[in-house]
Amino acid sequence: MTTDQTKTFDLSASFKAYDVRGIVGSTITAEIVEAVGAAFVDVMELAGQTVLVGGDMRPSSPEFAKAFANGAATRGANVQLLDLISTDELYYASGALDAAGAVFTASHNPAEYNGIKMAKAGAVPISSETGLLDIQARAEEYLNTGSIPAAGTRGLIGVQDVLKGYAKYLRSLVDLRGSRPLKVVVDAGNGMSGLTTPAVLGDAILPKLPLDIVPLYFELDGSFPNHPANPLEPENLRDLQAAVVEHGADIGLAFDGDADRCFVIDEHGDPVSPSAITAMVARREITRARALGEETPTIIHNLLTSRAVPELIERDGGRAVRTRVGHSFIKAQMAEEGAVFGGEHSAHFYFRDFWNADTGMLAAMHVLAALGEQDGPLSELGREYEPYRSSGEINSEIEDKAAAVDRVRADFDGEDVHVDHLDGSTFTAADGSYWFNLRPSNTEPFLRLNVEATDATTMERVRDRVLALVRG
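Residues numbered from 1 in each chain as written. Predicted model: local features only at pLDDT ≥ 70, side-chain atom pairs only at ≥ 80, totals over all residues. Heavy atoms only, no water.

**Student:** Would you mind showing me how to read the confidence of the model for the protein here?
**Tutor:** Reading fine detail from the predicted coordinates is not recommended where pLDDT is low. Mean pLDDT over the protein: 96, with 98% of residues reaching 70 or higher. Confidence drops under pLDDT 50 across residues 1-5; counting only partners more than four residues distant or on other chains, this segment forms 10 contacts. (pLDDT = per-residue confidence, 0-100. Contact = heavy atoms within 4.5 Å.)

**Student:** Got a minute to help me understand the packing of helix 13 (residues 401-412) against helix 14 (residues 456-471) in this structure?
**Tutor:** Helix packing geometry: the angle between the two helix axes and the distance between the axes. Where helix 13 meets helix 14, the closest approach of the two axes is 8 Å, and the angle between their N-to-C directions is 130 degrees. The orientation of helix 13 with respect to helix 14, classified from their angle, is oblique. Note on packing geometry: the crossing formed by helix 13 with helix 14 is right-handed. In this structure, helix 13 contributes A404, R407, V408, D411 and F412 to the contact, and helix 14 contributes R465, V466, L469 and V470. (Axes fitted to C-alpha atoms, helices over the stretch in contact; angles between N-to-C directions. Helix = DSSP H or I, 4+ residues; strand = E, 2+ residues; numbered from the N terminus. Parallel < 35°, antiparallel > 145°, perpendicular 65-115°, else oblique. Left-handed = near helix turned anticlockwise from the far one by under 90°.)

**Student:** I keep staring at the sheet that holds strand 11 (residues 262-265) and nothing clicks. Help me out?
**Tutor:** Sheet strands pair via backbone hydrogen bonds, and the direction of the pair is either parallel or antiparallel. Spatially, 9-8-10-11-12 is the arrangement adopted by the five strands of the open sheet, whose pairing is mixed. Edge positions in the sheet fall to strand 9 (211-216) and strand 12 (271-272), since each of these pairs with one other strand and no more. Here strand 8 (residues 182-187) pairs with strand 9 via six bridges, running parallel. Across the sheet, the residue bridging to L182 is L211, located in strand 9. Sitting on the sheet, helix 11 (residues 360-372) is in contact with strand 8, strand 9, strand 10 (251-255) and strand 11, with an inclination near 175 degrees to strand 10. (Pairing = 2+ DSSP bridges.)

**Student:** So what exactly am I meant to see when it comes to the sheet that holds strand 16 (residues 349-351) here?
**Tutor:** Spatially, the five strands line up as an open sheet ordered 14-13-15-16-17, and their pairing is mixed. Single-partner strands in this sheet number two, and they are strand 14 (319-323) and strand 17 (357-358). By the bridge criterion, three bridges tie strand 15 (residues 341-343) to strand 16 in an arrangement that is antiparallel. When the sheet's bridge partners are listed, G343 is paired in strand 16 with F349. Packed onto the sheet, helix 9 (residues 308-315) meets strand 13 (298-302) and strand 14 and runs at close to 155 degrees relative to strand 14.

**Student:** Sorry, what's going on with the pairing of strand 5 (residues 113-120) here?
**Tutor:** Sheet faces and side chains relate simply in a regular strand, where the side chains alternate between the two faces. In terms of burial, strand 5 is largely enclosed, as six of its eight residues are buried. Here four bridges tie strand 1 (residues 20-23) to strand 5, and the two strands are oriented antiparallel to one another. Note on strand 5: the bridge partner recorded for G22 is N114. Relative to strand 5, strand 4 (residues 100-104) runs antiparallel, the two being bridged by four bridges. (Buried < 20%, exposed > 50% of the residue type's maximum accessible area, 1.4 Å probe, protein only.)

**Student:** Would you mind showing me how to read the pairing of strand 20 (residues 417-420) here?
**Tutor:** The pairing of strand 20 with strand 21 (residues 425-429) spans four bridges and is antiparallel. Paired with D420 across the strands is T426, a residue of strand 21.

**Student:** When you look at the packing of aromatic side chains in this model, what are you seeing that I'm missing?
**Tutor:** Scanning the model with the defined rule gives 15 aromatic pairs in all. For the pair F68 and F104, a centre-to-centre distance of 5.7 Å together with 75 degrees between the ring planes defines the contact as edge-to-face. Note that F68 is positioned in helix 2 (residues 61-74) and F104 in strand 4, a separation of 36 residues in sequence. A residue is classified by how much of its surface remains accessible, and F104, at 0% relative accessible area, is buried. One aromatic cluster is present, built from ring pairs that chain together Y92, Y166, Y169, F354 and W355. Between R307 and the ring centre of Y388, over which it is positioned, the NZ or CZ distance is 4.5 Å. We note R465 situated over the ring of F412; from NZ or CZ to the ring centre the distance is 3.7 Å. (Phe/Tyr/Trp six-rings, centres within 6.5 Å; stacked < 30°, edge-to-face > 60°. Lys NZ or Arg CZ within 6 Å of the ring centre and 35° of its normal.)

**Student:** Sorry, what's going on with the side chain of E140 here?
**Tutor:** Along the chain, E140 turns up in helix 4 (residues 132-145). Buried charged residue E140 carries no salt bridge. Nearest counter-charge: R138, at 10 Å. (Lys, Arg positive; Asp, Glu negative; His and termini not counted. Salt bridge = Lys/Arg side-chain N within 4 Å of Asp/Glu carboxyl O.)

**Student:** Teacher, can you tell me more about the nonpolar core here?
**Tutor:** What tends to happen in soluble globular proteins is that the nonpolar side chains get buried as a cluster. Counting 86 residues, the largest nonpolar core has L176, L201, I251, L253, F354, L368 and L378 as the members making the most contacts within it. The leading source of residues in this core is helix 11, at 10 residues. Once residues lying within four places of it in the same chain are set aside, the contact partners of L253 are V184, V185, V186, D187, L201, L240, C262, F263, V264, A364 and L368. (Core = buried A, V, L, I, M, F, W, Y, C linked by side-chain atoms within 4.5 Å.)

**Student:** Explanation requested: the packing of helix 1 (residues 30-43) against helix 4 in the structure shown.
**Tutor:** Two elements in contact, helix 1 and helix 4, have axes whose closest approach is 8 Å; the angle formed by their N-to-C orientations is 125 degrees. Considered as vectors, helix 1 and helix 4 are oriented oblique to each other. Considering the relative orientation of helix 1 and helix 4, their crossing is right-handed. Where helix 1 approaches helix 4, its residues E31, I32, A35, V36, A38, A39, F40, D42 and V43 are matched on the opposing element by D134, I135, R138, A139, Y142 and L143. Residues that form the contact of helix 1 with helix 4 fall into these classes: 11 nonpolar, no polar and four charged. (Nonpolar A, V, L, I, M, F, W, Y, C, P; charged D, E, K, R; others polar.)

**Student:** Help me understand helix 10 (residues 327-337), please; the structure alone is not making it clear to me.
**Tutor:** Each turn of an α-helix holds 3.6 residues, which means side chains three or four residues apart point in the same direction. Taken residue by residue, helix 10 has H327, S328, F329, I330, K331, Q333 and M334 as its buried positions. Two residues or fewer past helix 10, G338 is found with a positive phi of approximately 65 degrees.

**Student:** It is not clear to me how the pattern of salt bridges should be interpreted in this structure. Could you clarify?
**Tutor:** In a structure, side chains of opposite charge can pair up when their charged atoms sit close to one another. Applying the stated criterion across every chain yields a total of 23 salt bridges. Across the pair R307 and E311 runs a salt bridge, and its minimum N-O distance is 3.3 Å. A relative accessible area of 23% places R307 in the partly exposed class. Classification of E311 by relative accessible area gives partly exposed; the value is 30%. Beyond isolated ion pairs, a larger network of salt bridges with shared partners links D42, R75 and R138.

Right under this line is the structure:
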């Protein structure tokens, strides 16, 4: 942002841990974006190389993509504009073309926001620890001096369409041609899955699959006229739940705005938890990897997924690795461990065959394949993967979060409970009857609570006890 007196740019309000996100016209503008494009090329040493740039359906995305491209070309990179893309289309293009890139999106944030997710060649993520802060500093330098110096040779700007390649690649990973016929309701929330679903699951580009797609809100509209494109919030699933029941569908899929997350609804209109989806996809990936000769395939899961996830992974012959919450940690662990798959409680799903990146569409295809290769309904299939009872994430607005956690720790002191601090504080009962995690938000005055227990009564008792201590 600037002030009239100083004209000094400080981009710290929009540069986050993993991406850039701000309010259009205020903390993110075309001028800022052009400087970020130039800084991206400098910091990542991309002069003379190809940089991929695309954007989602938000009204500001085309202007921002062109501004970023101009900044990148000024500093000597050759830019390929990908036009309208989902975030996982960028990851596909970055991996398949082995090129660095950026996508303009604010994911599930409201209409007034936009942002940038950046990746190195091969879809390797860029975070505050791997160059994002350096990009911020260089962009501020350009903005504060008022100019971006031209490289010796200005880069070229071209246009490339990657949608067909993306669709073909995903279909090569999960073959749905032999599925029993399925009726599938998809709620795109006016986001990018309104473009990618017809391409991958429909017949807009490739031959028809045995899927009857019932579209909800496929019109690309960054003002989100029907509901926010954030399926993590239960109220944003209501239209999909009603449509699944109304159409007698086998399954419902809900994607967030940039289509990198997918939520699943069963035939009764009930949500299937992301933990259950993690376990379901893990089973398929373990089976496939073992068939190819991998003795004990590794699966990554964050510490907030259900305890059923590591239990099922190990039962199926895999190795479960627990990690912190957050895609940069998951992706780093995926690479370090050579993991075949990773899942988070927030419905981010990561695949080794997808350059360790997250893709909601590929996860959805695995679920469709699991459902389509057997005769039972999804509710029956999902039951095996959800043996425990969970509270879901509960936020408490607390100024002194550390003191609240100390109150809980003191109250449970003396009980047979193990506490670890991998991410926040996780309390696990020695008898296995429950666990809960208290994790402070890095960006908001929230303390987040997740509880899981062997039965609903225990879960509710622990949940209420902890909330009383936190809010007391």
